[in-house]
Amino acid sequence: MYTNNLEGPIPASVGNLTNLAWLSLSSSSFSGSIPPEMGNLSGLVELYLDNNLLTGPIPSTFGNLRNLTLVYLFNNNLSGPIPSELGYMTSLTYLSLQMNNLSGAIPASVGNLRNLHELKLYENQLSGSIPNEIGNLNSLVDLELSENQLSGSLPSIFHNLTSLNILHLRANQLSGSIPPEIGNLKLSILEVDHNQFTGRLPQNICKGGSLTDFTANENQLEGPIPKDLKNCTSLERIFLGGNRLTGNISSDFGVYPNLYIIDLSHNKFYGELSSSWGRCPKLATLKISGNNITGRIP
């Protein structure tokens, strides 16, 4: 029933369909709250309620749905905390709650979801620290927590997330240093911009050789550019502006065959632009204002 013009509340009687394995009501105009009776659908494997006008809390009765592998509730107007009972849904591989008005802390019980591949909670109003229990999710490939109100330092849990490929933490209130363990992951996307991080960039930031997108702009980072980043030929986008990073604008950066945008503005870089920047064939945007660059444009 997805992508229709259906509207109004989801009827509580849907909870009588106890043999239902797949329910998709996405991309319609359903409104009102999610009926707690959905917790009776013990055979449900996939649930799609995304892209509606749903309001109110996520029912705690969802914890009864032990066979669920996929829950899409994103792009609604859901509010209140994420129920700790979701930790009982241990078959989950995809949990997408982004683009709502959810508040409160990320429950520690999320660490019970050891089969989870994707956890998307971005664009909510979640607060508090990132729970250490997320380190239990060693099947996690995609973790997106951006645009919330998360605070505190990053827990030293990332060495456990050996399958992680995408990490989005941008636009929160996170502080402290970026854990060096992040550099040991085989990330393709790392977004930590618009936080309050201090200290230096991890030395092995591109150890896996697959980093394409790295954004760390608008923090309080300092120190030199890691040598590992100089040799990271997989890079396509890099944003480091608005920090206190130092180094030679030419010798501390390499030749990036796939790079199309780099922002180094408002740091403490120095030196002259070398012709090596011209050997980045796809480079369309180079931002270097607000530094101590001298000499001529080659």
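Residues numbered from 1 in each chain as written. Predicted model: local features only at pLDDT ≥ 70, side-chain atom pairs only at ≥ 80, totals over all residues. Heavy atoms only, no water.

J.: Would you take a moment to explain the sheet that holds strand 10 (residues 118-120) for this structure?
T.: Hydrogen bonds between backbone groups are what pair the strands of a sheet, and the pairing can be parallel or antiparallel. One open sheet accounts for twelve strands, arranged 2-4-6-8-10-12-14-16-18-20-22-24; its pairing is parallel. At either end of the open sheet lies a strand with only one pairing partner, and these are strand 2 (22-24) and strand 24 (285-287). Within the sheet, the average angular offset between the axes of one strand and its neighbour, ignoring direction, is 10°. Relative to strand 12 (residues 142-144), strand 10 runs parallel, the two being bridged by three bridges. Among the inter-strand pairings, Leu 119 is bridged to a residue of strand 12, identified as Leu 143. (Pairing = 2+ DSSP bridges. Helix = DSSP H or I, 4+ residues; strand = E, 2+ residues; numbered from the N terminus. Axes fitted to C-alpha atoms, helices over the stretch in contact; angles between N-to-C directions.)

J.: It is not clear to me how the packing of aromatic side chains should be interpreted in this structure. Could you clarify?
T.: Aromatic ring pairs are described here by two measures, namely the spacing of the ring centres and the angle between the planes. Per the counting criterion, the structure on display carries five aromatic pairs. Plain terms: the ring middles of Tyr 48 and Tyr 72 are 5.4 Å apart, the flat faces sit at 90° to each other, and that makes the pair edge-to-face. Of the two residues, Tyr 48 sits in strand 4 (residues 46-48) while Tyr 72 sits in strand 6 (residues 70-72), which places them 24 residues apart along the sequence. Under the relative-accessibility criterion, Tyr 48 is labelled buried at 17%. The interplanar angle of 70° and the centroid separation of 5.6 Å between the aromatic rings of Phe 253 and Phe 269 together place this pair among those described as edge-to-face. With Phe 253 in the loop between strand 21 (244-248) and strand 22 (261-263) and Phe 269 in strand 23 (residues 268-272), this pair connects stretches of sequence that are 16 residues apart. The class for Phe 253 is buried, based on a relative accessible area of 4%. (Phe/Tyr/Trp six-rings, centres within 6.5 Å; stacked < 30°, edge-to-face > 60°. Buried < 20%, exposed > 50% of the residue type's maximum accessible area, 1.4 Å probe, protein only.)

J.: Can you help me understand the UniProt feature "domain: Disease resistance R13L4/SHOC-2-like LRR" (unreviewed entry) in the protein in this one?
T.: Cross-referencing UniProt, the feature "domain: Disease resistance R13L4/SHOC-2-like LRR" (unreviewed entry) maps to residues 13-122 in the present numbering. Within the segment residues 13-122, helix and strand shares are 0% and 28% respectively, and the terminal C-alpha atoms sit 31 Å apart. (UniProt positions renumbered as here; feature names shortened; annotations may be inferred.)

J.: Any chance you could explain the nonpolar core here in plain terms?
T.: One recurring pattern in soluble globular proteins: nonpolar side chains tend to sit buried together. Of all hydrophobic cores here, the largest spans 79 residues; its most connected members are Phe 62, Phe 214 and Leu 240. Beyond its immediate chain neighbours, meaning those up to four positions away, Phe 214 contacts Leu 190, Leu 201, Ile 205, Leu 229, Leu 235, Arg 237, Ile 238, Phe 239 and Leu 240. (Core = buried A, V, L, I, M, F, W, Y, C linked by side-chain atoms within 4.5 Å. Contact = heavy atoms within 4.5 Å.)

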